[in-house]
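Summary of structural features
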Amino acid sequence: MTTPYAFFAAIDHGFEPLPFAASAWSPKMVNGPAICGLLARALEQQHCAPGFVPARLTVDLFRPTLNKPVTVVTELVRDGKRIRVADAALMQDGADVARASAVFLKRSVQPPGERWTRAESPQPPPVPVADGPTAPLWNSDDSLDGWSSRIGEHQNNGRKRMWQAPLSVVEGEPPSAFAGAAMIGESTSLMTNWGTTGIGFINADLTLALARPLIGLEIGVEADSHISADGIAVGSATLFDRHGSFGTCVVTALSNADREVDFSSGINHVQVANK
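Quantities reported herein were computed from a predicted structural model and do not represent experimental measurements.

Here's the deal with the side chain of N139
Within the fold, N139 resides in strand β7 (residues 137-140). Side-chain polar atoms of N139 contact the side chain of R161, separated by 2.7 Å. Those residues in contact with N139, other than ones at most four positions away along the chain, are G146, W147, H154, R159, K160 and R161.

Below, the structure written as structure tokens:
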């Protein structure tokens, strides 16, 4: 039987995690991209009005989400002419395990003048344009092999990048640009906290800020910074597609040194991409 290229299956009272939703930290847990994608999907479908675009998503991952059915409850916080704000909660057994808030902004015209921006946008790998979900490709400054699907080649202290067309959040539904950005954006934790011995930080949250929607299916994440002390880390990354940069992501993370994931040991690369 073929495993569905999706994180969840819709059921009568919520969503059932599928095999790709398993975390690299533990198969009993649901991974961060699946959680972020499901929350983004619910907020966008229920609260993004015509003429608005998703501009910011914040997700708090304050409890382990276990590999069993979940439900999502949302609430509209502000219904303005130019700004809409909504909250969501991910629930298991009647308790919140994660929460999110989204800001939807009304499209308008650009103001005049010129502004400083990053001089060089990250560049995608030299691969054909994807027409469906793909396994991730990896790149790091300290690797001589360039982009590759072999994650162990990039376990070093160089700057990291990833490129992927994401899986579906819910089986049978192609992911929206917003949900796709949320799922791939969660890899900011991996890109910024991955070192010479693996990844020893587990992220506690995510804040995704988007200037425009994704164009196409593929999304890249390039690390911008890692700062850590006393077992607490902050990482930031740029999100890009084949047309340039379109957003940023910031995560905070806690040391998980006792359960560090060593990618040189041959862990499944698709599972790692959805950690």
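Let's talk about helix α1 (residues 32-47)
Given a rise of 1.5 Å per residue, 16 residues ought to cover 22 Å, and the 22 Å separating the end C-alpha atoms of α1 matches this to within 8%. The buried fraction of α1 amounts to 14 of the 16 residues, a majority that puts the element mostly inside the structure. The opening residue of α1, the one whose side-chain oxygen lies 2.9 Å from the backbone nitrogen of A34, is N31.

Looking at the packing of α1 against helix α2 (residues 177-185)
The N-to-C vectors of α1 and α2 enclose an angle of 155 degrees; their axes lie 8 Å apart at closest approach. On the basis of their axis angle, the class for α1 and α2 is roughly antiparallel. Judged by the twist between their axes, the crossing of α1 over α2 is right-handed. In this structure, α1 contributes P33, C36, G37, A40 and E44 to the contact, and α2 contributes F178, A179, A182 and M183.

Regarding the packing of aromatic side chains
In the structure shown here, the tally under the stated rule is six aromatic pairs. Cluster of aromatic residues (ring-pair linked, three or more members): W138, W194 and F263. Over the face of the ring belonging to W194 we find K160, whose NZ or CZ atom lies 5.1 Å from the ring centre.

Some points on the pairing of β7
Covered by surrounding structure in β7 are L137 and N139 together with W138 and S140, the residues of both alternating faces. As paired elements, β7 and strand β8 (residues 160-164) share four bridges and run antiparallel to each other. By the bridge assignment, L137 is partnered in β8 with W163.

Digging into the layout of surface pockets
Over the atoms rolls a probe the size of a water molecule, and its path tells where empty space is left. Computed from the structure, the largest pocket encloses a volume of approximately 390 Å³. What lines the largest pocket is a set of 14 residues, among which V53, K106, R107, S108 and A211 lie closest to the centre. Elements supplying a minimum of two residues to the lining of the largest pocket: β3 (52-60) and β6 (95-106). For the lining of the largest pocket, the residue count by class is eight nonpolar, two polar and four charged.

Quick notes on the pairing of strand β15 (residues 232-241)
Burial runs high along β15: eight of the 10 residues are buried. Pairing between strand β14 (residues 219-229) and β15: nine bridges, direction antiparallel. Looking across to β15, one finds that E222 is bridged to T238. Count of turn residues in the β14/β15 antiparallel hairpin: two residues, of which D230 carries a positive phi of about 55 degrees.

About the thresholds
- Residues numbered from 1 in each chain as written.
- Predicted model: local features only at pLDDT ≥ 70, side-chain atom pairs only at ≥ 80, totals over all residues.
- Heavy atoms only, no water.
- Helix = DSSP H or I, 4+ residues; strand = E, 2+ residues; numbered from the N terminus.
- Polar contact = N/O pair within 3.5 Å; in protein donor to acceptor, adjacent residues only side chain to side chain.
- Contact = heavy atoms within 4.5 Å.
- Expected span 1.5 Å × (residues − 1).
- Buried < 20%, exposed > 50% of the residue type's maximum accessible area, 1.4 Å probe, protein only.
- Axes fitted to C-alpha atoms, helices over the stretch in contact; angles between N-to-C directions.
- Parallel < 35°, antiparallel > 145°, perpendicular 65-115°, else oblique.
- Left-handed = near helix turned anticlockwise from the far one by under 90°.
- Phe/Tyr/Trp six-rings, centres within 6.5 Å; stacked < 30°, edge-to-face > 60°.
- Lys NZ or Arg CZ within 6 Å of the ring centre and 35° of its normal.
- Pairing = 2+ DSSP bridges.
- 1 Å grid on protein atoms, 1.4 Å probe; cavity = no way out; pocket = protein on both sides within 12 Å on 5 of 7 lines; lining within 4 Å.
- Points joined across faces, edges and corners; volume = space filled by probe spheres on them.
- Nonpolar A, V, L, I, M, F, W, Y, C, P; charged D, E, K, R; others polar.

Honestly, it's all geometry; don't read function into it.
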